[in-house]
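Coordinate analysis (summary)
This is what each chain is made of:
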Amino acid sequence: MNNKFITVTSPLLPDLETFHGMLKEIWESKFITNNGSFHKQLEKELAAYLKVPYVSLFTNGTLPLITALQALRVTGEVITTPYSFVATTHALWWNGIKPVFVDVDPNTGNLDPDKIEAAITPKTTAIMPVHVYGKPCDTKRIQEIADRYGLKVIYDAAHAFGVEVDGESVLNAGDMSTLSFHATKVYNTIEGGAMVMHDEKTKQRIDYLKNFGFAGETTVVGPGINSKMDEVRSAYGILNLRQVDDAISARKEVAIEYRKVLRNVEGITFFDDIPGVKHNYSYFPIFIDEQKYGMSRDDLYMKMREAQVYGRRYFYPLISEFSTYRGLESADPKNLPNAHKMANTVICLPMHHALSKEDIQRILSLIVK
Ligand SMILES: *Cc1c(COP(=O)(O)O)cnc(C)c1O
């Protein structure tokens, strides 16, 4: 038996020598941050790759969320999902906004549009959905609700790099979308992130806000923050963008292999591809029905760990269960039955570009009985 660790993800790394050549350029120019040439180039290339009008790079995926809420002057209450990474709700907290949790649709894991209206109060100013696992939200219905009640929509699209519906990027939905380029994501710049916006004026304003609000040497247009990406990670990002399509194709092969085998395992369910959607295969969550499968989620999770296969229970616990949020009325588990069920039954299987056929067989052999 191979005793190599298999982790849930593995970072896509650029060719070291090519990267070194770019580092030499940076060293020679002595221009290491503050909207340098690699930063400008990566923003342009990402906008073209993602099929969006404007991209503003950030130093991680949490700060564009915080900055989007600032830029749109979102206050009061915001409707959001508990089934996500904790940064989604933390971004609201850092803006003094009260999160209002709404349950998810069990067929997608995304905010259930049918439950949004009942959670709107006079204090609601925005909706912050997440395309969880990169599966697109019902952006049309969410926009209809937002328009009816005069709400902003900010998508946490940290999982949705490159995802398209009928040839259009999901990142074009809502007022703004944010991306994370953290090492664990499909496309990474080590740490990094971005905001996607529709017009040049907004791009300009965001570029000011991510640089302390500076609009010139002596002009500060607002209480900005420092969340700029540097030249070194921009160069790394340019190289990774050239190989991300191959990485996504390799991930797709893993998903095909997993589905082929797991389709016949009683008590295990997973998501299939959706017609018309270009997926990025960022995660491969499976859900365990303890009765039918004959083993609990946590027992399977531990069995895998003992065999050095490190799945992850994304997203358990729910954000609404953390101490900061669990006192909120909307955090009551009775309000969030679908989210709780998913959180209590999920394991994300290892999913990345470098999994070998042997790795996949080793993982599956632990699940198939
Ligand atoms: C990764 C992630 C973030 C945070 O991104 P960082 O780059 O780690 O700051 C935010 N939201 C979701 C849903 C994420 O998965």
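One structure accompanies this document, and this report is about it. Just so you know, these numbers come straight off a predicted model, no measurement behind them. Starting afresh in each chain, residues are numbered from 1 along the sequence in its written order. Where local features are concerned, this predicted model is filtered to residues with pLDDT of at least 70; where side-chain atom pairs are given and counted, the filter is 80 or more; whole-chain, interface and lining totals use all residues. Derived side-chain values reflect all non-hydrogen atoms in the structure, with water molecules and hydrogen atoms excluded from consideration.

Moving on to unusual backbone geometry. At the junction of Tyr314 and Phe315, the peptide bond is cis and its omega measures out at 10 degrees in the coordinates. Each helix is a run of H or I in the DSSP string that is no shorter than four residues. Each strand is a run of E no shorter than two, and both are numbered from the N terminus. Along the chain, Phe315 falls in the loop between strand E16 (309–310) and helix H10 (337–345). With a phi close to 55 degrees, Asn35 is a non-glycine residue in the positive phi region. Residue placement: Asn35 occurs in the loop between helix H1 (16–29) and helix H2 (37–50). Note on Asn35: relative accessible area 38%, which makes it partly exposed. Whether a residue is buried, partly exposed or exposed follows from its accessible area with a 1.4 Å probe, protein chains only, as a fraction of its type maximum: under 20%, in between, or over 50%, in that order.

A word on the side chain of Glu43. Relative to the helices and strands, Glu43 resides in helix H2. The class for Glu43 is buried, based on a relative accessible area of 8%. Among the polar contacts made by the side chain of Glu43, one reaches the main-chain amide nitrogen of Leu57 at a distance of 2.8 Å. Should any heavy atoms of two residues lie within 4.5 Å, those residues are considered in contact. For Glu43, the contacting residues outside a window of four places in its chain are Val55, Ser56, Leu57, Lys203, Asp207 and Lys210. Between N or O atoms, a polar contact is any pair within 3.5 Å; within protein, one atom must be a potential hydrogen donor and the other a potential acceptor, and residues adjacent in sequence are included only when both atoms are from side chains.

For any two helices packed against each other, the geometry is given by the interaxial angle and the distance between the axes. As a packed pair, H1 and helix H7 (residues 231–262) sit with axes 10 Å apart at the nearest point and diverge in direction by 145 degrees. When you trace H1 past H7, the crossing you get is right-handed. From H1, Thr18, Phe19, Met22, Leu23, Ile26 and Trp27 reach across to H7, where they touch Glu231, Val232, Ala235, Tyr236, Ile238 and Leu239. Only the stretch in contact is used when a helix axis is fitted, and all axes are lines through C-alpha atoms; the angle between N-to-C directions ranges over 0 to 180 degrees. Throughout, a crossing is termed right-handed when the near helix is turned clockwise from the far one, and left-handed when it is turned anticlockwise from it by less than a right angle.

What follows covers the packing of aromatic side chains. Aromatic rings from Phe, Tyr and Trp, taking only the six-membered ring of Trp, are treated as a pair when their centres fall within 6.5 Å; an angle between ring planes under 30 degrees marks them as stacked, one over 60 as edge-to-face, and anything in between as tilted. Evaluation of the coordinates by the stated rule reveals 19 aromatic pairs. Here Tyr83 and Tyr133 contribute two aromatic rings whose centre-to-centre distance is 6.0 Å and whose plane-to-plane angle is 80 degrees, an arrangement assigned as edge-to-face. Placement of the pair is Tyr83 in the loop between strand E3 (77–80) and helix H4 (87–93) and Tyr133 in the loop between strand E5 (124–128) and helix H5 (139–149), with a sequence separation of 50 residues. The two residues Tyr83 and Tyr133 agree in class, both being buried. What links up through ring pairs into an aromatic cluster is the set Tyr83, Tyr133, Phe271, Tyr283, Phe287, Tyr314 and Phe315. Whether a charge lies above a ring is judged from NZ of Lys or CZ of Arg, which has to be within 6 Å of the ring centre and within 35 degrees of the ring normal. Across from the ring centre of Phe271, 4.3 Å away, lies the NZ or CZ of Lys135, which sits over that ring.

What follows is about the packing of H2 against H7. Between H2 and H7, the least distance of the axes is 7 Å, while the angle of their chain directions is 25 degrees. Considering the angle they form, H2 stands roughly parallel to H7. Here H2 and H7 pass one another in a crossing that is left-handed. Facing H2, whose interface residues are Ser37, Phe38, His39, Gln41, Leu42, Glu45, Leu46 and Tyr49, H7 presents Glu231, Ser234, Ala235, Gly237, Ile238, Leu241, Arg242, Val244, Asp245 and Ile248. Gly counts as polar in this scheme, as do all residues outside two lists: the nonpolar Ala, Val, Leu, Ile, Met, Phe, Trp, Tyr, Cys and Pro, and the charged Asp, Glu, Lys and Arg. Class assignment for the residues of the contact of H2 with H7 results in nine nonpolar, five polar and four charged. Any angle that falls under 35 degrees is termed roughly parallel, while one over 145 is termed roughly antiparallel, one within 65 to 115 roughly perpendicular, and all others oblique.

Turning our eyes to something else, we now look at the pairing of E3. The side-chain alternation of E3 yields two buried faces, one formed by Glu77 and Ile79 and the other by Val78 and Thr80. At least two bridges found by DSSP between two strands is the condition for calling them paired. With four bridges connecting them, E3 and strand E4 (residues 98–101) associate as parallel partners. Residue pairing for E4: Val78 is matched across the bridge by Pro99. Crossover handedness is defined here as right-handed if the route from the first strand over the helix to the second strand goes clockwise, with the strands pointing away from the viewer. Since E3 and E4 lie parallel, the crossover through H4 that links them has a hand, and here it is right-handed. Pairing geometry for E3 and E5, over four bridges, is parallel. Opposite Ile79, over in E5, you have Ile127 as the bridge partner.

With that settled, the discussion passes to a negative patch on the surface. Think of a patch as exposed residues, more than 30% relative accessible area, with no salt bridge, where like charges cluster within 9 Å and nonpolar side chains (Val, Leu, Ile, Met, Phe, Trp, Tyr) cluster within 5 Å. Note that accessible areas follow from Shrake-Rupley with a 1.4 Å probe, and for residues the cover is restricted to the protein chains shown. We define a salt bridge as a side-chain nitrogen of Lys or Arg found within 4 Å of a carboxyl oxygen belonging to Asp or Glu. In this count, Lys and Arg are taken as positive residues and Asp and Glu as negative ones, while His and the chain termini are left out. All charge positions are set by atom: Lys at NZ, Arg at CZ, Asp at CG, Glu at CD. A cluster of like negative charges, contributed by Glu266, Asp289, Glu290 and Asp299, occupies part of the molecular surface. By relative accessible area, Asp299 is classed as partly exposed at 47%.

Here, proximity means that at least one heavy atom of the residue falls within 4 Å of the molecule or strand. Lining the immediate surroundings of the ligand are 14 residues, of which Gly61, Thr62, Asp156, Ser180 and Lys185 lie closest. Measuring from an oxygen atom of the ligand, one finds a side-chain N or O atom of Thr62 at 2.6 Å. Between the ligand and Ser180, the relevant distance is 2.7 Å, taken from an oxygen atom to a side-chain nitrogen or oxygen of the residue. Look at the ligand: alone it shows 380 Å² of surface, and the protein chains cover 93% of it.

Looking now at the environment of Lys334. Turning to its location among the elements, Lys334 is positioned in the loop between E16 and H10. Between the C-alpha atoms of Lys334 and Val196, which are 138 residues apart in sequence, the distance is 35 Å.

Another aspect to go through is the nonpolar core. For the purposes of this section, nonpolar cores are sets of buried Ala, Val, Leu, Ile, Met, Phe, Trp, Tyr and Cys residues that join through side-chain atoms within 4.5 Å. Membership of the largest hydrophobic core comes to 63 residues, with the highest contact counts inside it found for Leu46, Phe161, Tyr258, Leu262 and Ile286. No other element matches H7, which puts twelve residues into this core. Boundaries of every domain are those given by an automatic assignment or by a domain database. Counting contributing residues, this core receives three or more from each of domain 1 (16–102 + 110–241) and domain 2 (245–367). Look past the residues within four positions of Phe161 in its chain and what remains in contact with it is Leu46, Tyr49, Leu50, Leu179, Phe181, Tyr187, Leu241, Val244 and Asn280. Grouped together as the second largest cluster of nonpolar side chains are 24 residues, Tyr133, Phe315, Leu336 and Val346 included.

That's the geometry; what it means functionally is another story.
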